[in-house]
Amino acid sequence: MTTHLSLIVNGEPRRASAGQSIADLVTGLGLNPAKVAVERNGDIVPRATLAQVLLGDGDHLEIVHFVGGGEDAPADQDTWTVAGRTFRSRLIVGTGKYKDFAQNAAAVAASGAEIVTVAVRRVNISDPTAPMLTDFIDPAKITYLPNTAGCFTAEDAIRTLRLAREAGGWDLVKLEVLGEARTLYPDMRETLRATEILAKEGFLPMVYCADDPIAARQLEEAGAVAIMPLGAPIGSGLGIQNRVMIRLIVEGAKVPVLVDAGVGTASDAAVAMELGCEGVLMNTAIAEAKDPVLMAHAMKLAVESGRAAYRAGRMPTRRYADPSSPLAGLI
Ligand SMILES: CC(=O)[C@@H](O)[C@H](O)COP(=O)(O)O
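Residues numbered from 1 in each chain as written. Predicted model: local features only at pLDDT ≥ 70, side-chain atom pairs only at ≥ 80, totals over all residues. Heavy atoms only, no water.

J.: Let's hear about the packing of aromatic side chains: which residues, and what values?
T.: Applying the stated criterion to the full structure yields two aromatic pairs. A centroid spacing of 5.8 Å and a plane angle of 40° characterise the contact between W80 and F87, whose relative ring orientation is tilted. With a centroid separation of 5.7 Å and an interplanar angle of 50°, the aromatic rings of F101 and F136 are classed as tilted. With a gap of 35 residues between them, F101 in helix α2 (residues 101–111) and F136 in the loop between β9 (115–119) and β10 (143–147) connect regions that are remote in the sequence. What makes F101 partly exposed here is its relative accessible area of 29%. (Phe/Tyr/Trp six-rings, centres within 6.5 Å; stacked < 30°, edge-to-face > 60°. Helix = DSSP H or I, 4+ residues; strand = E, 2+ residues; numbered from the N terminus. Buried < 20%, exposed > 50% of the residue type's maximum accessible area, 1.4 Å probe, protein only.)

J.: Explain the site of the ligand to me, and be specific about the residues and the numbers.
T.: As a matter of local geometry, the ligand sits amid K174, E176, Y208, I234, G235, D260, A261, G262, L281, M282, N283 and T284. Between the ligand and the protein, one listed contact pairs an oxygen atom with a side-chain N or O atom of E176 at 2.9 Å. Here an oxygen atom of the ligand and a side-chain polar atom of D260 are 3.0 Å apart. Protein coverage of the free-state accessible area of the ligand, which is 360 Å², stands at 91%. With respect to the detected pockets, the ligand is housed in the largest pocket. Looking at the shell around the ligand residue by residue, the class counts come to five nonpolar, four polar and three charged. (Near = heavy atom within 4 Å. Polar contact = N/O pair within 3.5 Å; in protein donor to acceptor, adjacent residues only side chain to side chain. Areas by Shrake-Rupley, 256 points an atom, 1.4 Å probe, with all protein chains shown as cover. 1 Å grid on protein atoms, 1.4 Å probe; cavity = no way out; pocket = protein on both sides within 12 Å on 5 of 7 lines; lining within 4 Å. Sits in = over half its atoms within 2 Å of the grid points. Nonpolar A, V, L, I, M, F, W, Y, C, P; charged D, E, K, R; others polar.)

J.: I'd like a rundown of the layout of surface pockets, residues and numbers included.
T.: Unfilled space is identified by rolling a water-sized probe across the atoms. Taken as a whole, the largest pocket spans an internal volume of roughly 940 Å³. Looking at the largest pocket, it is lined by 45 residues, and the ones nearest its centre are T95, G96, V118, A119 and R121. Of all the secondary-structure elements, those providing two or more residues to the lining of the largest pocket are β5 (60–65), β9, β10, β15 (279–282) and α8 (284–287). Its residues assigned to classes, the lining of the largest pocket shows 24 nonpolar, 15 polar and six charged. (Points joined across faces, edges and corners; volume = space filled by probe spheres on them.)

J.: Tell me about the packing of helix α4 (residues 188–200) against helix α5 (residues 213–222), and please be specific about residues and values.
T.: Interhelical geometry of α4 versus α5 gives an angle of 20° and a closest axis separation of 8 Å. By the angle between their directions, the pair α4 and α5 is classed as roughly parallel. Handedness of the crossing formed by α4 with α5: right-handed. When α4 is examined against α5, the residues M188, T191, L192, T195, E196 and A199 are found in contact with a partner set consisting of A215, Q218, L219 and A222. Partitioning the contact of α4 with α5 into residue classes produces six nonpolar, three polar and one charged. (Axes fitted to C-alpha atoms, helices over the stretch in contact; angles between N-to-C directions. Parallel < 35°, antiparallel > 145°, perpendicular 65-115°, else oblique. Left-handed = near helix turned anticlockwise from the far one by under 90°. Contact = heavy atoms within 4.5 Å.)

J.: Describe the pairing of β9, and please don't skip the residues or the numbers.
T.: The buried count for β9 comes to four of five residues, which makes it a mostly enclosed element. Following the chain from strand β8 (residues 91–93) across α2 to the adjacent parallel β9, one finds a crossover that is right-handed. Here β9 pairs with β10 via five bridges, running parallel. Looking at β10, one finds that V118 is bridged to P146. (Right-handed = clockwise from strand over helix to strand, strands pointing away. Pairing = 2+ DSSP bridges.)

J.: I'd like a rundown of the side chain of D268, residues and numbers included.
T.: On the secondary structure map, D268 appears in helix α7 (residues 266–274). Put simply, D268 is tucked away with no salt bridge, and the nearest opposite charge, on R243, sits 6.5 Å away. A distance of 2.8 Å separates a polar atom in the side chain of D268 from the backbone nitrogen of G264. (Lys, Arg positive; Asp, Glu negative; His and termini not counted. Salt bridge = Lys/Arg side-chain N within 4 Å of Asp/Glu carboxyl O.)

J.: Requested: an account of the pattern of salt bridges, with residues and values cited.
T.: Where charged atoms of side chains with opposite charge meet at close range, the side chains can pair. By the definition in use, this model includes 18 salt bridges. Across the pair K174 and E176 runs a salt bridge, and its minimum N-O distance is 2.7 Å. With a relative accessible area of 2%, K174 lands in the buried category. Between E180 and R182 there is a salt bridge, and its shortest N-O distance comes to 3.9 Å.

J.: Which residues make up the domain arrangement of the protein, and what values do they have?
T.: Domains assigned within the protein are domain 1 (4–65) and domain 2 (80–312). If you average the C-alpha positions of domain 1 and of domain 2, the two centres end up 31 Å apart. Contact with domain 1, which involves 19 residues of that partner, is made by 14 residues of domain 2. Both faces combined, the contact of domain 1 with domain 2 buries some 1700 Å², and carbon together with sulfur accounts for 61% of it. Scanning the region where domain 1 abuts domain 2 turns up one salt bridge. Here R159 ties to E39 by a salt bridge, and the two come within 2.9 Å at their closest N and O atoms. Here domain 1 and domain 2 share three residue pairs in polar contact (both at pLDDT 80 or more) between them. Where the side of domain 1 that touches domain 2 is concerned, the elements lending two or more residues are β2 (12–17), β3 (36–40), β4 (43–45) and β5. Here the side of domain 1 that touches domain 2 is built from residues that sort into eleven nonpolar, three polar and five charged. (Domains from an automatic or database assignment. Buried area = accessible area lost by both parts, 1.4 Å probe.)

J.: Kindly report on the nonpolar core, identifying the contributing residues and their values.
T.: Membership of the largest hydrophobic core comes to 63 residues, with the highest contact counts inside it found for V116, I137, L175, I227, M282, I286 and M299. Of all the elements, α7 adds the most residues to this core, at six residues. Excluding residues within four positions of it along the chain, I137 makes contact with N104, A105, V108, V116, I142 and Y144. Formed by 18 residues, the second largest nonpolar core is a distinct cluster that contains L25, V26, V45 and V53. (Core = buried A, V, L, I, M, F, W, Y, C linked by side-chain atoms within 4.5 Å.)

Next comes the structure, spelled out in structure tokens:
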């Protein structure tokens, strides 16, 4: 006689037969056990043991996607490096708010980005055949940077990234711990705590943070491999509100500084680069443009242009006019 087990899988009730392994369940959902990570009753199940671990009645399982991969760029004249990985493009783009994955992929291609940031998501168990981002943006060509979007505590963020690491072997991750839904401003106490724990566990956290030079230094001391101050609230498109602080963070940091959030248009991205940032991360400015693919191209040019201007060194500003042609020797 078959005994049925009652499970909760990704928040939904589900039944299984006694004696089934977690790998059996995953396969039965139409998923490849080699491409997911599973948490059972709060603990990550090592992928190598999914076939041995039997399901128990009342188990709570969380199954997340495998994505991962990406390759480093060969070194050239103006690359940047984070945690030992080198990239040519200084633009990191998000993967939210697009009409569909195809539009997202076209925008990524137009942006020239080599890194996309992705929220770690539960597998859709009701329709495992539903398209996945990895069907459109090839993880063998573009580096996936898992992020902790939607996490409001250090524990939530750490748990999310542990699952991401199990799913795709990622260690380079983007940490964001939000303080409240209204402003989506980072909770710096929780962010610092999560950074310390993640760094001790061998993660390489790129950290979304307030535009605060002291907090930035503390994050670096705690093990952040990149500092990512907001330019303005996430999704606001207000541009860089506090140039002075971004500049101070850049001056004080030994790790790359990238503006993350609040960019609205191309000139904002250029300003970030002119301030000496190593790069810019953006999502809404591209995804919510009338023509996202054209805006992605504009952002590529803006980041390159701002970077070139920074490297060229701007002229000094003056209080008074200075003639372009010499005044001496006039007829
Ligand atoms: C911190 C965070 O969540 C950002 O990565 C965000 O997704 C990008 O912000 P914008 O949408 O304002 O570019």
